[in-house]
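The chain contents come next:
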Amino acid sequence: MTPRRTRLVRVADLQQFRHAIIWLCEHAPQPTVVLVPTSAARSQFERTWQAAASRSDAPAPLARPPVPTVVTRDELYELLHRRLPNAPPRLGPFERRALTLAAAARAAASAADGTLDTGDRARSDAGGRPPFTARPGLVAEMFRFYDELRRQSRRIDRFQELIEEALGGARSTDSGIDRTLAQTRLLAEAFREYERRVVASGRCDEHSLRERLLETPLAVPLSDVLVTVADWIAEPDGLFVSDFDLLARMPGVERVDMVCTEHLLGSGFHQRLHDWWPGLEEVEAGALMGARLSPSRRPLLETPADPPDRLWFTLRDRQEELTAVAQLIKAARRHAEVIPLDRVAIVFKKPLPYLYLADVTLGASGIPYTAYDRRPLASWPMVGAIDLVLEALETNCARAGLVALLRTPHFVPWNGAERPARPSLRAFDTTLRSAGYLGDRQALEAIERNWQAPRDRRALDEALAWVRALEPLTESLPASVLLHRLRELLAARLAPDPSAAAETGPDASIEPLQTGSASDTVLRLLAELADAHAAHDDPVWTPADLTAAVRALFEGQTFSEARQRGGVQLLDDRAARYGDFDDLTIVGLTDADWPERQPRNVFYPTGLLKALGWPLEHTRRSAADARFLDLLASPTRRVAVTTIALDDDAIAMPAVTLDEMPRARLSTLRTRTEVARLTAADALSAGAVRLDVLSDQALGWATLRLARTSPADPRFHGSLGSQPEQVWSVSALEVYLACPFKFYAQHVLHLEADEPDSDVMDPRQQGLFVHAVFQAFFERWNQLGGGTVTPASIDRARAVFTDVVDTAIAQLPPAEAGLERTRLLGSSAAGGLGEAVLRMEAERPVAVVERLLEHRLDGPVTLQVATESRTVRLRGKADRIDLLEDGTFRLIDYKLGRAPNRSRALQLPIYALAATERLSGRQGRSWSLGEAAYVAFKGPRRVIPLVPAGGDRTGVLAEAGARLTTVVDAIARGEFPPRPDDVYLCERCNYAAVCRKDYVGDV
Ligand code: SF4
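Residues numbered from 1 in each chain as written. Predicted model: local features only at pLDDT ≥ 70, side-chain atom pairs only at ≥ 80, totals over all residues. Heavy atoms only, no water.

(A) Representation of the overall build of the chain within the structure. A count of helical and extended segments in the chain gives 36 helices and 28 strands. Dimensions of the chain along its principal axes, counting C-alpha atoms only, are 120 × 80 × 60 Å. The buried share of the chain, reckoned over its 1003 residues, is 50%. The long-range share in the chain, meaning contacts at least 24 apart out of those at least 6 apart in sequence, stands at 78%. About 45900 Å² of surface is accessible on the chain, with carbon and sulfur atoms providing 52% of the total. (Helix = DSSP H or I, 4+ residues; strand = E, 2+ residues; numbered from the N terminus. Buried < 20%, exposed > 50% of the residue type's maximum accessible area, 1.4 Å probe, protein only. Contact = heavy atoms within 4.5 Å. Areas by Shrake-Rupley, 256 points an atom, 1.4 Å probe, with all protein chains shown as cover.)

Laid out in structure tokens, this is it:
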């Protein structure tokens, strides 16, 4: 073994940490490889390296070594693999995934056929079925656990032994223990099978590479290694036991230095480090560097003015956190303080949503910034478009997904045709909805057969082309075949590639997993996954397996984005350790983010994991607290910490880490409370409008807006002045009572309602359908001479009604037909609307002599208002009027929902008054109101009388008359304020998009 020196360089804080790392690189006898946690940390290291060149104690430029090789843990293995002579090729992630799926499936098959002994209990629990299903998500967890075991230098046999020892032996009479033992045997068998398959593939993975590295010297030795990360217990990207072992034993390594802060060493890492590197030398950075180690400068901790003892700020949400930093920078500039922006940092634990919010806060304030982090590939718009293809596949090309697919600009139309225009797509959508299209090629072809020749059919052709193109993906086939088919489809359809830069803006330089455009990246990933399955394991997939695998493929990928504009640095807490800053704000201190959560092991409880060498939670917690304390003292001038009250509109809890802040022993500085106006929006909305700071375009708009009518003008509040006289329907006047502005939008402006996008009938269509069914029933019943429905004839009436309903629902799509049948005919749990109507009549003794269905009541109605009588012209249609033998009439109104509140209802009482006038003389006699009732489908009762038993019918009718004249007069005066009778109406209002709801309550 090569003799080597392993040395711990102890530093007091992160300022010394950075200084010591640079010094060690500058003074290493050989070029050094520096281990950092992430690529963002490497970027910060490189900035610090550049900045250090100008220090007075830096070596002369010619004497200074070149920038060291800075690598993350994964990159270290890549580098070692490249230098290893005759190394077998490394397994790529997709190949490895294919091997793990195959290994898990093989282990499951062995358990099923009894080759693998999982114990009697596991077999009897499974009841003849395979005791384990190799679902991709579970297999991913299994092999995450496998990697952890191997990285902690655990061999598979030893893992099984340790679990069996901890459980008291390989056999048990306890059913829980027995199942855990069976699971352990199954996991161990899957892991062994995977290792056999790796050997058979002639390739290597990280673990087999490590074994070779311990035996074979590198072609170009790695003599000097500088480790700046701790272990996996102390930080998320830390080294594992096997990595420490590799550095301690790998041939050719001569010097290994570890630089670590006192806080982190004190959290338990110091002891662990000595366990892994026996014979470790220790040295203080001061002793090593002497006077060249400058003393650290303690930053001031900025604290809120109120409450006085609080050490952190609580802001509303994450956007406000970034806005507060922008405020601070602007306020400092006003006071002529010079803050070099590239020495200001915003530090988070998780990059999203801060990376998205940076543009609307810092960017909108004219503050340049640089973001260092990797973003999910799924955030590319093109990946969103591909998701529409997967959705179409899953839903058998249902309407909403299919139309969305036609809308996206990321696909070119088939055969070079012209892209369907928006109006054409809207019309096509409406056609599909009216035809009750719920997906399926044959249903779409049926629509094509009925397509009327002159109509624009570009959207239909495009939709048919998609449906037919997706058909080859609906079969169950080997994974590689389905993936290649999908890839070919996308390759033919993805629009000429917007360059990677265009995907996120011209000033962004994006580096996908490898250089190339977005579509190249996506197609390459699909090809790699297909090839990996073809080479190593090619299970038969259903379309659902395909869509799940492709989504998982994209979700697992990230790309790095570095906006090269200088300015404020946005970075995570791991990278921040390597950056030299004056001013640092740590944001997002919520319970969900700080300290970071470790992924839960789904196989074993904490007690058993401890037997395998897993750390206890409090050990991790103390390391996380130590890193936070290091970070607090990291800048040279000022530090602030913020948490939030709301995270995505959910209440956020402050992180327990905040309680550690006093341990940093920083002097505090109470914040200035002044607020700067940051953005053009602030200049327009906060305080007096400032035009001088606006761009030309914004200035033009602002000037136009300032010249407009004052918002205090009554017209802004729905007051239009007198309106021409018009005859209104009673139902329209009921809309006015619900909300005057809704009436205005619907009945005066005749705006198209913003209907909900649904594949089933909306409430209005349902209402029309139910009315049509009752009309059809009574017409049929009359034709059959049914007369009054009585207890004797009710069964016959039920049969006729059922027949009518079945005929009507035959026109509806099957799913909707079932719903409507239940609504009308009821179910075993509740009676339907038809039963309520038939029983209502059968329970009443007086016979019906005539039925008036959907009966128009247009014309003047005389209303008694106070002591005056007044005539109003109206339009209206009663759902049903039954003329009874005793000279009275019964007025029925069907309601699909609940009956209206009596104090607001208009239709039934006004129809009652109108019918009394209109029916006079019918059949040579006069008719008086006997009964008026709603038949309502919702609510506790089906039949609700207009006037309750013992109620004052005259009073009810007079009140309705007064209400109606008030409404008619308000309309004549042109009063249409947005004033809903109940604010909940706004939630499902079809005119919300055109309504100034913010005025509700002001008027
Ligand atoms: S959104 Fe509310 S206030 Fe506006 S029209 Fe609808 S119900 Fe009236």
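(B) Representation of the site of the ligand within the structure. Lining the immediate surroundings of the ligand are 11 residues, of which Cys739, Cys986, Cys989, Cys995 and Lys997 lie closest. When atoms are counted within 2 Å of each cavity's grid points, the one that captures over half of the ligand is the largest cavity. (Near = heavy atom within 4 Å. 1 Å grid on protein atoms, 1.4 Å probe; cavity = no way out; pocket = protein on both sides within 12 Å on 5 of 7 lines; lining within 4 Å. Sits in = over half its atoms within 2 Å of the grid points.)

(C) Broad picture of the nonpolar core. Residues Val227, Trp277, Ile586 and Leu632 are the most contacted members of the largest nonpolar core, which totals 93 residues. Considering each element in turn, this core owes the most residues, eight residues, to helix 1 (residues 14-26). Those residues in contact with Leu632, other than ones at most four positions away along the chain, are Pro299, Ile586, Val639, Val641, Met661, Ala664 and Leu666. Of all hydrophobic cores here, the second largest spans 56 residues; its members include Ala392, Cys397, Tyr437 and Leu486. (Core = buried A, V, L, I, M, F, W, Y, C linked by side-chain atoms within 4.5 Å.)

(D) Just the sheet that holds strand 6 (residues 281-284), in detail. With parallel pairing, six strands are arranged side by side in an open sheet as 3-2-4-5-1-6. The sheet is open, and its two borders are formed by strand 3 (69-71) and strand 6, each paired with just one other strand. Going across the sheet, the axis of each strand differs from the next one's by a mean of 20°, ignoring polarity. Along the sheet face, helix 3 (residues 73-83) touches strand 2 (32-35) and strand 3 and points at about 125° away from the line of strand 3. (Pairing = 2+ DSSP bridges. Axes fitted to C-alpha atoms, helices over the stretch in contact; angles between N-to-C directions.)

(E) Molecular detail of the layout of surface pockets. One number sums up the size of the second largest pocket: a volume of about 2500 Å³. In terms of lining residues, the second largest pocket is bounded by 48 residues, among which Glu734, Val735, Pro763, Lys895 and Gln907 are the most central. Those elements giving two or more residues to the lining of the second largest pocket turn out to be helix 29 (730-738), helix 30 (740-748), helix 31 (763-783), strand 22 (848-856), strand 25 (877-884), strand 26 (888-895) and helix 35 (907-918). (Points joined across faces, edges and corners; volume = space filled by probe spheres on them.)

(F) Representation of the pairing of strand 1 (residues 5-11) in the model. Burial within strand 1 is extensive, with six of its seven residues counted as buried. Where strand 1 lies against strand 5 (residues 255-261), seven bridges are found, and the strand directions are parallel. By the bridge assignment for strand 5, Arg5 is matched with Arg255. The sheet contact formed by strand 1 and strand 6 spans four bridges and is parallel. By the bridge assignment for strand 6, Arg10 is matched with Glu284.

(G) Looking closely at the environment of Leu99. Within the element layout of this structure, Leu99 appears in helix 4 (residues 93-113). Each C-alpha atom, one on Leu99 and one on Asp538, is 9.9 Å from the other, the two residues being 439 residues apart in sequence. Each residue touching Leu99, except ones within four places of it in the same chain, is listed here: Leu91, Tyr194, Arg197, Val198 and His536.

(H) Summary view of a nonpolar patch on the surface. Residues Leu684, Val689, Leu691 and Leu706 make up a contiguous nonpolar surface patch of about 300 Å² in total accessible area. Position of Leu684 among the secondary structure elements: in helix 27 (residues 680-685). (Patch = residues over 30% accessible without salt bridge, like charges linked within 9 Å, V, L, I, M, F, W, Y side chains within 5 Å. Salt bridge = Lys/Arg side-chain N within 4 Å of Asp/Glu carboxyl O.)

(I) View of the environment of Asp952. Relative to the helices and strands, Asp952 resides in the loop between strand 28 (943-945) and helix 36 (953-972). Spatially, the C-alpha atom of Asp952 lies 19 Å from that of Ala915, the residues being 37 residues apart in sequence. Polar contacts involving the side chain of Asp952 include one to the main-chain amide nitrogen of Gly955, which spans 2.9 Å. (Polar contact = N/O pair within 3.5 Å; in protein donor to acceptor, adjacent residues only side chain to side chain.)

(J) Broad picture of the sheet that holds strand 27 (residues 928-936). Strand order in the open sheet formed by five strands is 22-25-26-27-28, with mixed pairing between adjacent strands. Where the open sheet ends on each side, the last strands, each with one partner, are strand 22 and strand 28. In this sheet, neighbouring strand axes are inclined to one another by 25° on average, regardless of whether the strands run parallel or antiparallel. Pairing geometry for strand 26 and strand 27, over eight bridges, is parallel. Looking at the pairing, Tyr894 lines up with Val935 of strand 27. Where helix 31 meets the sheet, its contacts fall on strand 22, strand 25 and strand 26, and the angle it forms with strand 22 comes to roughly 145°.

(K) Representation of the packing of helix 4 against helix 8 (residues 175-201) in the model. Interaxial distance between helix 4 and helix 8 falls to 8 Å at its minimum, and their mutual angle equals 130°. In terms of their interaxial angle, helix 4 and helix 8 are classed as oblique. The hand of the helix 4/helix 8 crossing is right-handed. On helix 8, the residues touching Arg96, Leu99, Thr100, Ala102, Ala103, Ala104, Arg106, Ala107 and Ala111 of helix 4 are Leu186, Glu189, Ala190, Glu193, Tyr194, Arg197 and Val198. In the contact of helix 4 with helix 8, the residues fall into 10 nonpolar, one polar and five charged. (Parallel < 35°, antiparallel > 145°, perpendicular 65-115°, else oblique. Left-handed = near helix turned anticlockwise from the far one by under 90°. Nonpolar A, V, L, I, M, F, W, Y, C, P; charged D, E, K, R; others polar.)

(L) Empty space enclosed by the protein, seen in detail. Per the counting criterion, the structure on display carries seven cavities of 30 Å³ or more. Each pocket or cavity is described by its volume, and for the largest cavity that value is around 130 Å³. If you go around the largest cavity, you meet 14 residues; those closest to its centre are Cys739, Lys742, Pro980, Cys986 and Cys989. Its residues assigned to classes, the lining of the largest cavity comprises 12 nonpolar, no polar and two charged. Roughly 90 Å³ of internal volume is contained in the second largest cavity. Contributing to the lining of the second largest cavity are Ile233, Ala234, Glu235, Pro236, Pro595, Glu596, Gln598, Glu617, Arg620, Arg621, Ala624 and Arg627. Residue composition of the lining of the second largest cavity, by class: five nonpolar, one polar and six charged.

(M) Molecular detail of the pattern of salt bridges. Under the defined criterion, the tally for this structure stands at 84 salt bridges. Here Glu193 and Arg196 are joined by a salt bridge, their closest N and O atoms 3.0 Å apart. Here Glu193 and its partner Arg196 are both found in helix 8, three residues apart, which amounts to about one turn of the helix. On the accessibility criterion, Glu193 (11% relative accessible area) is buried. In this structure, the salt-bridge partner of Asp224 is Arg255, at a minimum N-O distance of 2.7 Å. Residue Asp224 is located in strand 4 (residues 224-227), and its partner Arg255 is located in strand 5; the two are separated by 31 residues in the primary sequence. Overall, the relative accessible area of 5% leaves Asp224 in the buried class. Arg255 gets classed as buried once you look at its relative accessible area, which sits at 17%. Taken together, the shared-partner salt bridges in this structure form one network comprising Arg441, Glu445, Glu448, Arg457, Asp461, Arg468 and Glu471.

Keep in mind these values describe shape, not function.
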